Amino acid sequence: AHIKRSHKMSFLFFTMNPFIVGLAGLGFNAGILIFNWGFTKANEIAQHDPEMFSKQGQLLVLVWGLAYAAAGHDALKSGHSVAFIWAVFAIEKLIYVVHWVRWRQNNDLEMIQSNAARTGSWLDTLAPRFLANYGWGDAIFGLLFAHLFCEALWM
């Protein structure tokens, strides 16, 4: 029996839709608006990590999200994905993940969360929750972007 093969082979046994990944990345990054309560609580995040998450840094998180969606949209419209933009996004996420790991090693997150909980306002717990968890999502999206890079490069 003859097996018809596609001219495209999937990388790591599955292919991904860059448009969906781009939109999901935008959604993930837009989540910062929940944790900074639409920038009304941006100072609470910035005070614990001013190097990465000043108000301007938090705004740039949204800009990166728009870039992911734009790259996904362009891939959808053109019918192919441009490899190197996904590599840039993977490197960007790697920078955030490395920073997050180092930040967690050098800061007492438990104390920050405890102090926030003592205020009695659930809004005050949002910044510590963001700082505790954003790196996990960045790691996942870094891997997705790296996958899209490899897929576009070798397909």
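The present account deals with the structure reproduced in this document. Note that the coordinates shown come from a computational prediction; the quantities given were computed from them, not determined experimentally.

Here we look at the pattern of salt bridges
Pairing between side chains becomes possible if they bear opposite charge and their charged atoms approach one another.
Link 1 in the chain: Taken as a whole and assessed by the stated rule, the structure comprises three salt bridges.
Link 2 in the chain: With a closest N to O distance of 3.9 Å, E44 and K41 form a salt bridge.
Link 3 in the chain: The exposure class of K41 is buried, given its relative accessible area of 18%.
Link 4 in the chain: Salt bridges sharing common partners tie together K41, E44 and D124.

Brief notes about the packing of aromatic side chains
Link 1 in the chain: Considering all chains together, one arrives at 17 aromatic pairs under this definition.
Link 2 in the chain: Centre to centre, the rings of W64 and F89 are 6.1 Å apart; their planes meet at 85°, and the pair counts as edge-to-face. With W64 in helix 5 (residues 55-78) and F89 in helix 6 (residues 83-106), the pair connects residues that are 25 residues apart, well separated along the chain.
Link 3 in the chain: Taking relative accessible area as the criterion, W64 reaches 27% and is therefore assigned partly exposed.
Link 4 in the chain: A relative accessible area of 2% means that F89 is categorised as buried.
Link 5 in the chain: A ring pair is formed by F89 and F145, whose centres lie 5.5 Å apart and whose planes are at 55°; its orientation type is tilted. Residue F89 is located in helix 6, and its partner F145 is located in helix 8 (residues 126-154); the two are separated by 56 residues in the primary sequence.

As for helix 7 (residues 109-118)
Link 1 in the chain: Burial in helix 7 covers these residues: L109, I112 and A116. Projected down its long axis, helix 7 shows its buried positions confined to an angular sector of 65°, all on one face. Exposed side of helix 7, more than 90 degrees from the buried face: E110 and R118 are the residues found there.
Link 2 in the chain: Residues of helix 7 that are buried make contact with helix 3 (42-48), helix 6 and helix 8.
Link 3 in the chain: One or two steps after helix 7, the chain reaches G120, where phi turns positive at roughly 85°.

Digging into unusual backbone geometry
Link 1 in the chain: Positive phi, normally seen in glycine, also occurs at W37, with a value near 50°.
Link 2 in the chain: Relative to the helices and strands, W37 is located in the loop between helix 2 (32-35) and helix 3.

What to know about the packing of helix 5 against helix 6
Each pair of packed helices gets described by two things: the angle between the helix axes and the distance between those axes.
Link 1 in the chain: Closest axis-to-axis distance for the helix 5/helix 6 pair is 11 Å, and the angle between their directions is 155°. In terms of their interaxial angle, helix 5 and helix 6 are classed as roughly antiparallel. The two elements helix 5 and helix 6 meet at a crossing, and its hand is left-handed. Together, V61, W64, A67, Y68, A71 and G72 of helix 5 and I85, W86, V88, F89, E92, K93 and Y96 of helix 6 make up the contact between the two elements.
Link 2 in the chain: Here the residues of the contact of helix 5 with helix 6 sort into 10 nonpolar, one polar and two charged.

Scoring rules and cut-offs
Residues numbered from 1 in each chain as written. Predicted model: local features only at pLDDT ≥ 70, side-chain atom pairs only at ≥ 80, totals over all residues. Heavy atoms only, no water. Salt bridge = Lys/Arg side-chain N within 4 Å of Asp/Glu carboxyl O. Buried < 20%, exposed > 50% of the residue type's maximum accessible area, 1.4 Å probe, protein only. Phe/Tyr/Trp six-rings, centres within 6.5 Å; stacked < 30°, edge-to-face > 60°. Helix = DSSP H or I, 4+ residues; strand = E, 2+ residues; numbered from the N terminus. Arc of directions from axis to C-beta. Contact = heavy atoms within 4.5 Å. Axes fitted to C-alpha atoms, helices over the stretch in contact; angles between N-to-C directions. Parallel < 35°, antiparallel > 145°, perpendicular 65-115°, else oblique. Left-handed = near helix turned anticlockwise from the far one by under 90°. Nonpolar A, V, L, I, M, F, W, Y, C, P; charged D, E, K, R; others polar.

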